[in-house]
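# What the coordinates show
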Amino acid sequence: MRIVLVDPSRIGLKLMTKMLVDGGHCVLPFSDGAAALECLRGDEDIDVLMTSFEIPNVSGLELCWEARLIANGGRPIYVVAMSSSHDRDRLIEALDSGADDFITKPPIATELYARLRAAERMTHAQRELIRLATIDPLTDLPNRREFFERAGAACHRADGSEPLSMVMFDIDHFKAVNDTWGHDSGDVVLRVVAAALRRCPGHPARIGGEEFALLLEGWDLLDAYHEAERLRLALQERPIRLPMGAVAITVSLGVAEHVPGQSVDLLLKNADVALYAAKTSGRNRAIA
Ligand code: GH3
Ligand code: MG
Ligand code: MG
Ligand code: MG
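About the cut-offs
Residues numbered from 1 in each chain as written. Chains lettered and ligands numbered in written order. Predicted model: local features only at pLDDT ≥ 70, side-chain atom pairs only at ≥ 80, totals over all residues. UniProt positions renumbered as here; feature names shortened; annotations may be inferred. Near = placed C-beta within 6 Å. Nonpolar A, V, L, I, M, F, W, Y, C, P; charged D, E, K, R; others polar. Buried ≥ 20, exposed ≤ 12 C-beta atoms within 10 Å, placed from the backbone. Helix = DSSP H or I, 4+ residues; strand = E, 2+ residues; numbered from the N terminus. Pairing = 2+ DSSP bridges. Right-handed = clockwise from strand over helix to strand, strands pointing away. Axes fitted to C-alpha atoms, helices over the stretch in contact; angles between N-to-C directions.

As annotated in an unreviewed UniProt entry, the protein carries the name diguanylate cyclase and comes from Siculibacillus lacustris. The record in UniProt for the protein states the following under Catalytic activity (unreviewed entry): "2 GTP = 3',3'-c-di-GMP + 2 diphosphate".

In this section: the site of ligand 1. Contacts to ligand 1 come from 16 residues, most closely from Asp172, Phe174, Lys175, Gly186 and Gly209. Taken together, the residues of the shell around ligand 1 break down into four nonpolar, five polar and seven charged.

Below, the discussion takes up the pairing of strand S3 (residues 48-52). Summarising burial for S3: five of the five residues are buried, a large majority. Residues of S3 alternate between two faces, with Val48, Met50 and Ser52 on one and Leu49 and Thr51 on the opposite face, all of them buried. In the sheet, S3 pairs with strand S4 (residues 78-83) via five bridges, with the strands oriented parallel. Bridged to Met50 within S4 is Val80. Chirality of the crossover, the property in question, places the unit of S3, helix H3 (residues 60-72) and S4 among those that are right-handed.

In this section: the sheet that holds strand S1 (residues 2-6). Read across the sheet, five strands follow the order S2-S1-S3-S4-S5 without closing on themselves; strand pairing throughout is parallel. Of all strands in the sheet, those with a lone pairing partner are strand S2 (26-30) and strand S5 (101-104), marking the two edges. Taking each pair of neighbouring strands and ignoring which way they run, the sheet shows an average axis angle of 20°. Note: S4 against S5, four bridges, orientation parallel. Within S5, the position partnered with Ser83 by the bridge is Thr104.

Listed below in structure tokens is the structure:
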């Protein structure tokens, strides 16, 4: 595992680093709390934080809290607090500050490795839960829930200094694809559409059965409309090869731009209204 190790003592840091490396782990050692915090926030691949209490600049307990906040934001970090005292109050304080485990220094190698194996089981399970809750299994795209969360946060942040746009689209007469070619072929079509969407800029998602969305941060309505048209033409021009033959599909798209203060629900509603207009005016088009 990738471990951020924080200890004020150079010798302690060196000994623990060696022990962890010998156990097959990758260690990022710090004697300064602020530098460790910066690493925790910036490095997306950190699995574990192991921190002592008394460290310069940012305290060990603050680090525990910060790691807990990062974990609550969807990136699990297992937190191990370390102290050379056996003080029970310390242990309680650490656990209440967001630590998952507590060890007294210096640790015994075999015990430390076993605790880290437990940490690995825990973070693995947490990541699996996050994946199941946020990813659509058919297309591997973010699902509706994840998309609403991301788009909601983007709307909340948007203050008008940068534009923000939303594209929503729906495959035309998709029921006919299923009816003609079978449901499995329909699934293949959905995967191909998802792959095309993933090649677009922005944040894609599958928000319904044959409905997709694209959040474009930094894009105004006109640019988003052009991107929607590009996607429409790319899909129209490339029939999807299936074992039984090639199936041509088209999509209808609706585009809307966020207005500062607007909720994500209203932004999506506006994109949906445009999508509905694209459907009723003949399909295979984008409307902004
Ligand atoms: P329109 O142009 O108005 O959008 O027509 P449509 O046929 O695409 O729309 P409709 O809402 O009538 O049908 C959507 C179809 O999408 C019906 C449903 O069975 C199919 N569908 C939804 N989810 C899946 C899926 O995961 N796999 C497959 N193969 N089909 C799906
Ligand atoms: Mg429909
Ligand atoms: Mg449809
Ligand atoms: Mg639909």
